Amino acid sequence: MCGIVGYVGKNHGVDTILEALSRLEYRGYDSAGVAVLHDGQIQVRKKAGKLQGLVDHVHKHPLIGTIGIGHTRWATHGLPNETNAHPHSDSTGKLTIVHNGIIENYAELKEKLISKGHEFKSQTDTEVIVHLIEEHAKRMPLEQAFRLTLKEIRGSYAVCLLSADEPDRIFGARNGSPLIVGIGKGESFFASDVPAVLGRTRRVWYLNDGEVVELRASGPKITTLDGKLLKRQPTTIKWDLTAARKEGYAHFMLKEIHEQPTAIEQTLFNRLKPETGQITFNRSTRAFLDALKPQEKIIIIACGTAYHAGLVGEYMLEEFANIPVDVDLASEFRYRGAMLDKNTTVIAITQSGETADTLAGIRLAKKQGAKIFSICNVMGSSIARESDAVLYTHAGPEIAVASTKAYTSQVTALTLLTLYLAKKRKRFAPARWKQLVRDFAALPNVIKKALEKAPDVKSVAAKYAGCRNFYYLGRRYNFPSALEGALKLKEICPLIHAEGYAAGEMKHGPISLIRMGWPVVFIATKSPVYEKVISNIEEVRARRGDCIVIASEGDSHIKRYADSLITVPETEEIFSPIVSAIPLQLFAYYVAVANKCDVDQPPNLAKSVTVE
Ligand code: M6R
């Protein structure tokens, strides 16, 4: 959601910025812009639509300069058009900014600025920031004006400021929206995320809220909002750009679906030890988990796909570890007045570690004395840094907006957590434990086998690609799978409406819509509720709905109930959401491709939702 880039160095600024912006495209955006300083003049180019439009525009109307800022905008205030695209300039054209976030008090600030003679060109909240800096800079040095402005604006921001009078430096700051600094050789960067700078440097600073950075080619300087100098060691990024490239796959989503055996292996690496039958974590995670008291209550908070992973976690933590669990959408948790105390552990699940609602949720929980444990993919992200303990999923960068490998590695991490806590609570006979550990370790291979069925899923998808409404139904561990399958389809296929339900809920309403040919995807793998799911399939068939059934391999009984059958290897129920995710993801992918949808960057969606 909005990508920010800032650059100071000796290279061609605009090319560097455009290339960095292209690596942030996965975040989702609807317009793009760039501003470069040369000979005391800032020149701005903007375009609505895809970044390529801006690239073509810049080719026709070239820019030169070795210092500049760039932006991909995801509209919050004002239409996604060229006027509202960033960068935004002050009245004189000497100050230019890019911003990610929402300024909550922009309306009142705008009114005051208008009364002082400022004229606004856009409908954005962002434009007030640059006018406010301009206003303050009439009476004080620019840096001071920038800091004062940051103190006056309310809301979330990652912001970069370029001034025509400051040819050697850019200022940047963050509060609630991600911003990193890349430290290169003779060049420095601001960016919303690491892939933007990876081609040029691996040394980064992750900024905290309330920090201000002065970026120069010779290096960055970091201070508090009040100007106190801070010391920070750079983090060295271990993964490289090849991990963020398509490598022959038609889409990132397909690549990431196929990366799941490896992603799960990485989540399990050094934690699940089948040879000794142990599950182990690093010291801090272990210390956190070992300190959990028997009366502990867990609240899982997350958004979207991560929320579905949380629902799977609820089933397993309650069944295996005997711990009471609530799962909340982070956006609701923040406002529902949950009763928390020191005996509550809040588990935040997040791929990006930057989701605004989840971040606000953990901050609120912390204030009320709860302990925070996060399951996160992005190292050094805001949520990871603000948690008492973190279990990293190590799934590698996920670029496609639709979450796939992040989901299955989140469920894998929750399974590790569950089995660890359950074992500590002596919930298993040794033979049962041995069998679970063995099956868990075999999971990456099971996923490989499920992926081999991609051609079957593709032909089933071809059969239903013209349908415009789908239901997804499942029970117990595969109820969240039904929600997740439906979410995958509707997010990457904007033409299609898909709804996931607990299969037992059908009779309480949704069944009224079933009529001839209405496609219903059932997750009917072997489990204690298998027979119940078969009854639900019967109910749909009785109304002449079309049943697409995901079943366990070797289940010959189910064939007679399925209009279309997709099989997956049979597993223990606890592992089944991970396995059933594969055909669900592939089905959504192939339906989207058949409908010529923009699979990796669906309209209106952003990879990382950093505003409320
Ligand atoms: O980065 P997070 O895991 O916190 O993101 C949460 C959701 O925005 C995310 O899972 C979203 O629902 C996915 N795009 C769905 O595929």
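First, a word on what this report is: a plain description of the structure on this page. (Residues numbered from 1 in each chain as written. Predicted model: local features only at pLDDT ≥ 70, side-chain atom pairs only at ≥ 80, totals over all residues. Heavy atoms only, no water.)

1. Details of the site of the ligand
Heads up, the condition is: Distances are taken per atom, and a residue is near a molecule or strand as soon as one of its heavy atoms is within 4 Å of it. We call two N or O atoms a polar contact when they sit within 3.5 Å, provided that within protein one can donate a hydrogen and the other can accept it, with sequence-adjacent residues counted only if both atoms are side-chain atoms. Surface exposure here means Shrake-Rupley accessible area, sampled with a 1.4 Å probe, where a residue is shielded only by the protein chains that are shown. Counting from the N terminus, the helices are DSSP H or I runs at least four residues long and the strands are E runs at least two residues long. Throughout, the ten residues Ala, Val, Leu, Ile, Met, Phe, Trp, Tyr, Cys and Pro are labelled nonpolar, Asp, Glu, Lys and Arg are labelled charged, and all others, Gly among them, are labelled polar. A domain assignment, automatic or from a database, supplies the domain bounds used here.
Looking at the ligand, there are 14 residues lining it, with Thr 350, Gln 351, Ser 352, Thr 355 and Glu 491 nearest. The contact in question runs from a nitrogen atom of the ligand to an N or O atom on the backbone of Val 401, over 2.8 Å. Protein chains shield 91% of the accessible area of the ligand, which is 410 Å² for the free molecule. At the level of elements, helix H9 (304–321) and helix H17 (479–492) are the ones that each hand at least two residues to the shell around the ligand. The element best represented in the shell around the ligand is H9, accounting for three residues. In terms of residue class, the shell around the ligand is made up of five nonpolar, seven polar and two charged. Counting residues domain by domain, the shell around the ligand receives three or more from each of domain 2 (245–441) and domain 3 (451–612).

2. Here's the deal with the state of the cysteines
Cut-off, in case you're wondering: To count as a disulfide, a pair of cysteine sulfur atoms needs to be within 2.5 Å. Each residue is assigned to one of three classes by its accessible area relative to the maximum for its type, calculated with a 1.4 Å probe on protein chains only: buried under 20%, partly exposed between the two thresholds, exposed over 50%.
Applying the stated criterion across every chain yields a total of zero disulfides. Counting only cysteine sulfurs, Cys 160 is the nearest neighbor of Cys 2, a cysteine outside any disulfide, at a range of 12 Å. By relative accessible area, Cys 2 is classed as buried at 5%. Here Cys 547 is not cross-linked by a disulfide; its sulfur's nearest cysteine counterpart is in Cys 467, at 13 Å. In this structure Cys 547 comes out as buried when scored by relative accessible area, which is 0%.

3. Thoughts on unusual backbone geometry
Cis geometry marks the peptide bond from His 86 to Pro 87, where omega comes out at 0°. By the element assignment, Pro 87 lies in the loop between strand E4 (67–73) and strand E5 (88–89). Positive phi is not limited to glycine here, since Arg 544 has a value of about 65°. One can find Arg 544 in the loop between helix H18 (530–542) and strand E25 (546–552). Judged by its relative accessible area of 55%, Arg 544 falls in the exposed class. For Lys 596, which is not glycine, the phi dihedral falls at a positive 55°. Judged by relative accessible area, which is 75%, Lys 596 ranks as exposed.

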